[in-house]
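Close look at the chain arrangement
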Amino acid sequence: MKPASLSSRITLLLVITSLVILGGGAMLMDWRIDHEMDERFQQNLLTQAQTLIAMIELEQDALSSGRVLPPQAGILGGEGHAYYELRCAGIPPLRSSPALPVLPANWPEAAGAKPRYGRLHAHHAHLSTVMLTVQPPQNNNGNQAAPPRHDCRLLFAQDRRPLDQILLALDWILALSPALALGIALIAVPFIVRRGLRPMKALVERMSDIGPQAPSQRLAPSGLRELDPLVSRFNDVLARMDEGLARERQFASGLAHETRTRLAELRALAEIESRYPSGRSLPEVLAEVGSISAELEATVTALLLLTRLQGGLEQPHPQLLILAPWLERQAQRYASQASERGVELQLHIDQAGNLHTDPALFEVVIGNLLGNACAYAATGDTVQVRVEPSAISIDNAAPNLHDSDLPSLGQRFWRKQPQHAGHAGLGLALAQAAAAALGMQLSHRLDDGQRLHVRLSWAAAHTPPARAG
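Thresholds, definitions, all that
- Residues numbered from 1 in each chain as written.
- Predicted model: local features only at pLDDT ≥ 70, side-chain atom pairs only at ≥ 80, totals over all residues.
- Heavy atoms only, no water.
- Helix = DSSP H or I, 4+ residues; strand = E, 2+ residues; numbered from the N terminus.
- Contact = heavy atoms within 4.5 Å.
- Areas by Shrake-Rupley, 256 points an atom, 1.4 Å probe, with all protein chains shown as cover.
- Salt bridge = Lys/Arg side-chain N within 4 Å of Asp/Glu carboxyl O.
- Buried < 20%, exposed > 50% of the residue type's maximum accessible area, 1.4 Å probe, protein only.
- Expected span 1.5 Å × (residues − 1).

**Some remarks on the overall build of the protein**
- Helix and strand content of the protein: ten helices and twelve strands.
- Taking as baseline every contact in the protein between residues at least 6 positions apart, the subset at least 24 positions apart corresponds to 67%.
- For the protein, the exposed area adds up to about 27,800 Å²; of that, 58% sits on carbon and sulfur atoms.

**Thoughts on the pattern of salt bridges**
- A full pass over the atoms with the stated rule returns 16 salt bridges.
- Linking Arg 386 and Asp 395 is a salt bridge whose minimum nitrogen-to-oxygen distance equals 2.8 Å.
- What makes Asp 395 buried here is its relative accessible area of 5%.
- Among the ionic pairs, Arg 455 bridges to Glu 388, the shortest N-O distance being 3.1 Å. Taken together, the positions of Arg 455 in strand 12 (residues 451-457) and Glu 388 in strand 9 (residues 382-388) put the pair 67 residues apart, joining distant regions of the chain.

**Some details on unusual backbone geometry**
- With an omega of 0 degrees, the peptide bond running from Trp 107 to Pro 108 counts as cis.
- In the Ramachandran plot, Gln 450 falls in the positive-phi region, its phi being about 60 degrees despite a non-glycine side chain.
- Of note, Gln 450 is situated in the loop between strand 11 (441-446) and strand 12.

**Quick word on helix 8 (residues 323-340)**
- An ideal rise of 1.5 Å per residue puts 26 Å on 18 residues; helix 8 measures up with 27 Å between its terminal C-alpha atoms.
- For helix 8, the full list of buried residues reads Leu 323, Trp 326, Leu 327, Gln 330, Ala 331, Tyr 334 and Ala 338.
- Each element contacted by the buried residues of helix 8 is listed here: strand 6 (319-322), strand 7 (344-349), strand 8 (354-357), helix 9 (359-376), strand 9 and strand 10 (391-397).
- Directly beyond the C-terminal end of helix 8, a positive phi value near 75 degrees is found at Gly 342.

In structure tokens, the structure reads:
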């Protein structure tokens with residue numbers, strides 16, 4: 001399936017928007033023009049009817065003789081043929097010549113003091129009408145005592161076909177103008193959009209030259225407000241990609257070094273013992289082989305566990321853990337290791353309750369933190385372990401560390417000091433990954449006295465409520 005085109009989407013949106021705006025505007029204008037023209041036509045119709053009454057008043061004997069000239073459109077200011085019918089009590093009706101082809105069904109009863117407008121259709125004629133009551137003139141013939149006549153009703157009509165033709169022409173103009181504009185838009189907008197998207201095309205071409213083969217390259221700002229955020233985000237992705245590639249290269253280099261070192265030790269041991277026997281007994285040689293193999297196995301095991309933790313494959317299984325005796329057992333395990341290096345391990349339990357966590361993963365965190373502190377603390381130093389209600393802190397002297405080294409703590413195979421036997425630089429990485437899997441926070445801080453403070457904290461959800469005794 002062919003992917004959708006951005007220029008086609010923009011063109012479609014512009015056409016739809018133009019259709020809604022222009023079509024809606026044209027309909028609104030058409031309604032407004034029709035309404036205004038109808039009001040003007042009705043006003044003109046009423047004016048002609050009033051003019052007719054004035055003409056009748058000028059002829060004092062009009063009602064008695066019936067000699068009233070039919071009003072003409074040119075005289076009264078209209079544009080179509082005009083008709084009228086005047087009915088007064090006591091005299092015959094007066095009609096235009098020719099007479100109205102059809103009369104309203106409610107004539108003359110519907111006529112009143114307020115003008116009443118309507119429309120008639122007859123013999124392909126479209127008429128607009130107005131009905132109203134009028135005050136006819138008095139034909140006294142010199143008799144001042146003659147009673148006045150008041151009951152007269154006038155029906156005036158005019159052909160509205162010229163107005164309908166004008167309105168139809170306006171409808172066509174208002175309909176064709178948006179259609180013409182949309183037609184032009186359909187032709188011109190794609191070219192305009194493609195021209196406007198040239199910076200995007202140039203950006204895509206520059207992106208194609210950037211990849212792992214050129215990790216240091218970045219996109220230059222385009223100078224466009226819409227594209228510069230995209231360029232910035234893409235450069236951020238490139239920076240993270242470079243960091244990830246650097247970490248992977250460091251990981252691959254560290255893994256290769258650790259594996260090659262252990263295998264080289266095994267090979268050298270085998271070759272030396274075969275060519276230049278040291279005179280050691282077979283159990284001693286096998287013990288050294290076993291020690292080297294154990295270190296290699298520990299590295300591989302740690303890598304497998306780290307991969308499972310970081311990949312989310314190792315799911316914690318929380319259970320109740322009584323913290324104080326558990327920590328004492330862990331401290332006893334590493335006390336002998338610390339004493340061999342002249343380091344003292346002190347455990348301070350001010351307040352320790354129970355913890356709801358996975359004991360195996362929690363042991364990975366605490367064990368690696370204690371082992372790292374005992375292995376890298378300066379000779380004669382004291383490793384302090386303090387237990388708080390919702391945290392455990394471990395601090396030891398770290399004279400070789402700097403603040404710039406803290407972000408590297410927890411990276412795989414990163415070591416500040418030369419390699420120690422059995423330490424492949426995976427302890428803090430394992431502790432960091434296991435703490436994240438348990439939902440705990442692991443932080444590092446270097447104080448002014450060059451002591452490294454590692455703090456493991458957890459939320460209240462990990463601490464079960466105390467049972468009532």
